[in-house]
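The primary structure of each chain is shown beneath.
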Amino acid sequence: MPAEALQRRRVITVFLIEGIAGLCILLTLTWLRREQTAAILHALGPNAAILIAILAAFTAAMTLLRFELTEVIYVSLVATACITAFPLLGPVLGCWVAVSASIAARLISLLRKPKRNLEEVIRIVPGLFAIYGVPLIAASMVYERLGGELPLLHATPQAAMRVAGSGIVLILMNNLMMFMPARAYGYSAAQVLRLDSLDSSIYLLTLPYAVTTSLAYGSIGWGGVLALAFTGGVANFVAGNLAILRTKSQGQLQRLASLTNIGKTISLRYTTDQLLMAIYTECKKIVDCSLFTIALLDESTNELSFELDVRDLVFLPKDRIPVGEGLNSWVVKHHQPLLVGSVADEKRFGVKAIADTKKTESWLGVPMIARDRVIGVISVESYRKHAFKHDDMILLTAIANQAAVAIENQQLYKDLEGLTYALEARVMDRTNELREANLRLMAADRSKNQFLANMSHELRTPLNSIIGFSSVLLESTRTTIAPRLYKFLENIHAAGNHLLELINDILDLSKIEAGKMELRPDVFDLHETLAAVERVMRGFASEANVRIVSFIDADVPKVRLDEGRLKQILFNLLSNAVKFSPNGGPVEVAVRRVPKATSPIGAEAVRIDVQDQGIGIPPDELQRIFDEFYQTEDGRRSRRGGTGLGLSLTRNFVELHHGTIEVQSTPGKGSCFTLYLPVNYDDSVPVPPMRAPRPAARVAPPSA
Ligand code: ADP
């Protein structure tokens, strides 16, 4: 026989033995004390019936209004009613009234319960004869021994003491009668004693009340007993409700705590299975979850995938059903929770559960909604009718909403992870492609430089012959050949020179690009350099009818720079200034010393300005004139020749010297190129190789 059945049998036996013994004692006493009972009834006169009715109603009310004050203190004031009854009705009448009213009330409340069992019936009849009957008889005996008046018609302090004393006996006897059944329920003797002492604490309050109610008859009459009994009933009712409210609010708090916990748990980054398991674990704490499912909606197949299905603590394998019939599908389609109290309700709501092996009655399902879409359903089932309340629905909905967001987030996170991987892979591919392209470009660049170097060399040799021989011919045939042919010779000579210049420029640029341009710094006097440049430029300038005016500050020191490259810089700037100047326009060259403190290049410098009053450069083209092969619109239209390489080379040479160059220009009024070069070129500082495309040179705003 299972342990539970054995225990039930023991409990029934104890109640049966104790109860029958109690009933026998009462029957015997009824016979033996029949005269005393008649005398009490006589003394009470017409009030006897009223008192019996009041005390019976009071006992019944106390039986029905019992409640749990705490988890261990179970308040039943029937004993209080018994204490009130025996001094007024005597042991026999008091016992019959109290016990039968209590039995009647308990039986009525038992009838309202769906499940009734033998154990409970025996606990009531004859059990209550033992639990209340025997203590009441024992208390009456003590009361009589103490010289108590029956019925109690004179309210005196002595009478009160006697009732109180025998009341205590009643309470003790009540505990004693409950001792054996409690042991049969499996409590240890120590536990029973502890619970009894806790339980008895309520009598500190009710014993004085019972004594006062008994005494009330002697001083006030039955109205006093009724008033006090009624007050006791109401007080008990209020206290009971408060206790229930407290239990409920504790339950709500527990639910709130669990809900917060769920929020915390499911916001952690879990796998979907772990997440669903966490939801189940938390739900279990607050809702009856012996039958629990979480189904996710698979929109691609329009199926419900049961990711978690727990039946009586057994985890079933995952399963899928098409969205169609059934309660879960109803929730998905209606976007609403569904609470079915019983199988009969299913018909009433017009919903139908899918045939199931388990005979369940109640069903509660709530949708998991994320961003206005139902992504699944959480459902619980029970074998009991109306097992789930509206509260459960609210709670489960809150859980489902949190779960939906967590699942959705997880899905988004997964998608994002996938995208990140794809993006990373693409970036890797692109990087590799770029690296390869870069390698190819570097190889092509090397080939180009090599080609340029070779080609320039190959071109320069025949060009030198052309220039040399045409020059000799020009000298020797000035007067001997026809002027038209002489002009041709001059053209050949000029074209040859131009070509050589171009080749030299290209060669210089490719050297700079390859980082192979090396400066040869030397100490020299700028006065002499400037004079030499001027000498060379003079012929060219006078041809263009342009005056070159030069000025050099007396304190300009000797410099250590690459003189050849500086001359190239000055030639470029001056030939541009002359080229783009109007007839007779002056070109000024000024050289000044700039101390370190005010030098823009952070070292003692010389500043060289080359200024003309020529065509000028439009502001939008100022940025570009230093680019290779760039020529301004106006420059090209004026047909003054050139290659567009001069300024690019100039800037490179300046920067190789760690200097700067800038330009100010006003179209139609002229331009001024300003460069700063260190007095002492420091060749220990490396110059970064030329990058393509070059950043624009510093451009100052046009002068007014
Ligand atoms: P180019 O051989 O064409 O002179 P540069 O690189 O020296 O090549 O000059 C580039 C362009 O800048 C010129 O074609 C011209 O359009 C413009 N430029 C340079 N210097 C001046 C100047 N002093 N006045 C007007 N335009 C100029």
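The preceding data block contains the structure.
A few points on the structure.

Calculation rules
- Residues numbered from 1 in each chain as written.
- Predicted model: local features only at pLDDT ≥ 70, side-chain atom pairs only at ≥ 80, totals over all residues.
- Heavy atoms only, no water.
- Helix = DSSP H or I, 4+ residues; strand = E, 2+ residues; numbered from the N terminus.
- Rg over C-alpha atoms; globule rule 2.2 N^0.38 Å.
- Buried < 20%, exposed > 50% of the residue type's maximum accessible area, 1.4 Å probe, protein only.
- Contact = heavy atoms within 4.5 Å.
- Near = heavy atom within 4 Å.
- Polar contact = N/O pair within 3.5 Å; in protein donor to acceptor, adjacent residues only side chain to side chain.
- Areas by Shrake-Rupley, 256 points an atom, 1.4 Å probe, with all protein chains shown as cover.
- Nonpolar A, V, L, I, M, F, W, Y, C, P; charged D, E, K, R; others polar.
- Phe/Tyr/Trp six-rings, centres within 6.5 Å; stacked < 30°, edge-to-face > 60°.
- Lys NZ or Arg CZ within 6 Å of the ring centre and 35° of its normal.
- Salt bridge = Lys/Arg side-chain N within 4 Å of Asp/Glu carboxyl O.
- Pairing = 2+ DSSP bridges.
- Core = buried A, V, L, I, M, F, W, Y, C linked by side-chain atoms within 4.5 Å.

A few words now on the overall build of the protein. A tally of helices and strands in the protein yields 20 helices and 17 strands. Taking 2.2 N^0.38 as the reference for a compact globule, 704 residues should give roughly 27 Å; the C-alpha atoms of the protein span a radius of gyration of 57 Å, well beyond that estimate. Expressed as lengths along the three principal axes of its C-alpha atoms, the size of the protein is roughly 180 × 60 × 45 Å. Taken over 704 residues, the protein has a buried fraction of 44%. Considering only contacts within the protein whose residues lie at least 6 apart along the sequence, 71% involve residues at least 24 apart.

Moving on: unusual backbone geometry. Residue Val125 is joined to Pro126 through a cis peptide bond whose omega torsion reads 5°. Inspection of the secondary structure puts Pro126 in the loop between α5 (118-124) and α6 (127-145). Of note, the bond from Leu150 into Pro151 is cis; its omega dihedral lies within 30 degrees of zero at -10°. For Pro151, the location among the structural elements is in the loop between α6 and α7 (157-184). Here the phi dihedral of Asn302 falls at roughly 55°; this positive angle occurs in a residue that is not glycine. A positive phi angle is found at Leu313, which is not glycine, with a value near 70°. Topologically, Leu313 is positioned in the loop between β4 (303-311) and β5 (314-315). Its relative accessible area of 61% is what places Leu313 among the exposed residues.

Taken together, 21 residues lie around the ligand, and Asn576, Gln631, Thr632, Thr643 and Leu647 are the ones closest in. Within the side chain of Lys579, one N or O atom sits 3.0 Å away from an oxygen atom of the ligand. A distance of 2.6 Å separates an oxygen atom of the ligand from a polar atom in the side chain of Thr632. Taken by itself the ligand offers 520 Å² of open surface, and the protein chains cover 97% of this. Those elements that place two or more of their residues in the shell around the ligand are α17 (563-579), α20 (646-656) and β16 (670-678). Here the shell around the ligand gets 3 residues from one element, more than from any other, and that element is α17. The residue makeup of the shell around the ligand, split by class, is 9 nonpolar, 10 polar and 2 charged.

Tracing the chain through its elements places Met178 in helix α7. Assessed through its relative accessible area of 28%, Met178 is described here as partly exposed. Residues Met178 and Phe15, 163 residues apart in the sequence, show an inter-C-alpha distance of 9.2 Å.

Before going further, it helps to spend a moment on the side chain of Ser140. By the element assignment, Ser140 lies in helix α6. Contact partners of Ser140, with chain neighbours within four places excluded, come to Phe86, Gly90 and Pro91.

Evaluation of the coordinates by the stated rule reveals 6 aromatic pairs. Ring geometry for Tyr280 versus Phe315: centroids 5.8 Å apart, planes at 85°, classification edge-to-face. Within this pair, whereas Tyr280 is found in helix α11 (residues 272-286), its partner Phe315 is found in strand β5, the two being separated by 35 residues in sequence. A centroid spacing of 6.3 Å and a plane angle of 70° characterise the contact between Phe626 and Phe673, whose relative ring orientation is edge-to-face. Of this pair, Phe626 sits in the loop between α18 (619-622) and α19 (633-637) while Phe673 sits in strand β16, placing them 47 residues apart in sequence. Put simply, the rings of Tyr280, Phe292 and Phe315 pair up and form one aromatic cluster. The lysine or arginine in question, Arg34, covers the ring of Trp31, its NZ or CZ lying 3.8 Å from the ring centre.

Take the pattern of salt bridges next. Taken as a whole and judged by the stated rule, the model has 19 salt bridges. A salt bridge links Arg33 to Glu144, with the nearest nitrogen and oxygen atoms 2.9 Å apart. Placement of the pair is Arg33 in the loop between α1 (3-32) and α2 (34-44) and Glu144 in helix α6, with a sequence separation of 111 residues. What makes Glu144 partly exposed here is its relative accessible area of 26%. Between Arg311 and Glu381 there is a salt bridge, with the nearest N and O atoms lying 2.7 Å from each other.

The element strand β3 (residues 291-298) is largely enclosed, with a buried count of 7 among its 8 residues. Where β3 and β4 come together, 8 bridges link them in antiparallel fashion. Bridged to Leu296 within β4 is Ser305. Taken together, β3 and the strand that follows it, β4, pair antiparallel across an intervening segment of 4 residues, in which Asn302 is found at a positive phi of about 55°. Where β3 meets strand β9 (residues 373-382), 6 bridges bridge the pair, whose relative direction is antiparallel. Directly across from Leu296, in β9, lies its bridge partner Gly376.

In summary, soluble globular proteins display a tendency toward joint burial of nonpolar side chains. Ile83 and Leu170 are the most contacted members of the largest nonpolar core, which has 64 residues in total. Residue contacts for Leu170: discarding those within four places in its chain leaves Ala79, Cys82, Ile83, Phe86, Pro135, Leu136 and Ala139. With 46 residues, the next largest nonpolar core counts Leu573, Ala577, Val606 and Ile661 among its residues.

Before going further, it helps to examine the environment of Ile137. Within the fold, Ile137 resides in helix α6. The class for Ile137 is buried, based on a relative accessible area of 6%. Once residues within four sequence positions are removed from consideration, Ile137 is found in contact with Ile25, Leu26, Leu29 and Cys95.

Counting through the fold element by element, Asp612 comes out in strand β14 (residues 605-612). Overall, the relative accessible area of 7% leaves Asp612 in the buried class. Within the structure, the side chain of Asp612 is placed 2.8 Å from the backbone nitrogen of Gly614, a separation counted as a polar contact. With near-sequence residues (within four places) excluded, Asp612 lies in contact with Ala577, Ser581, Pro586, Val587, Lys669, Gly670 and Ser671.

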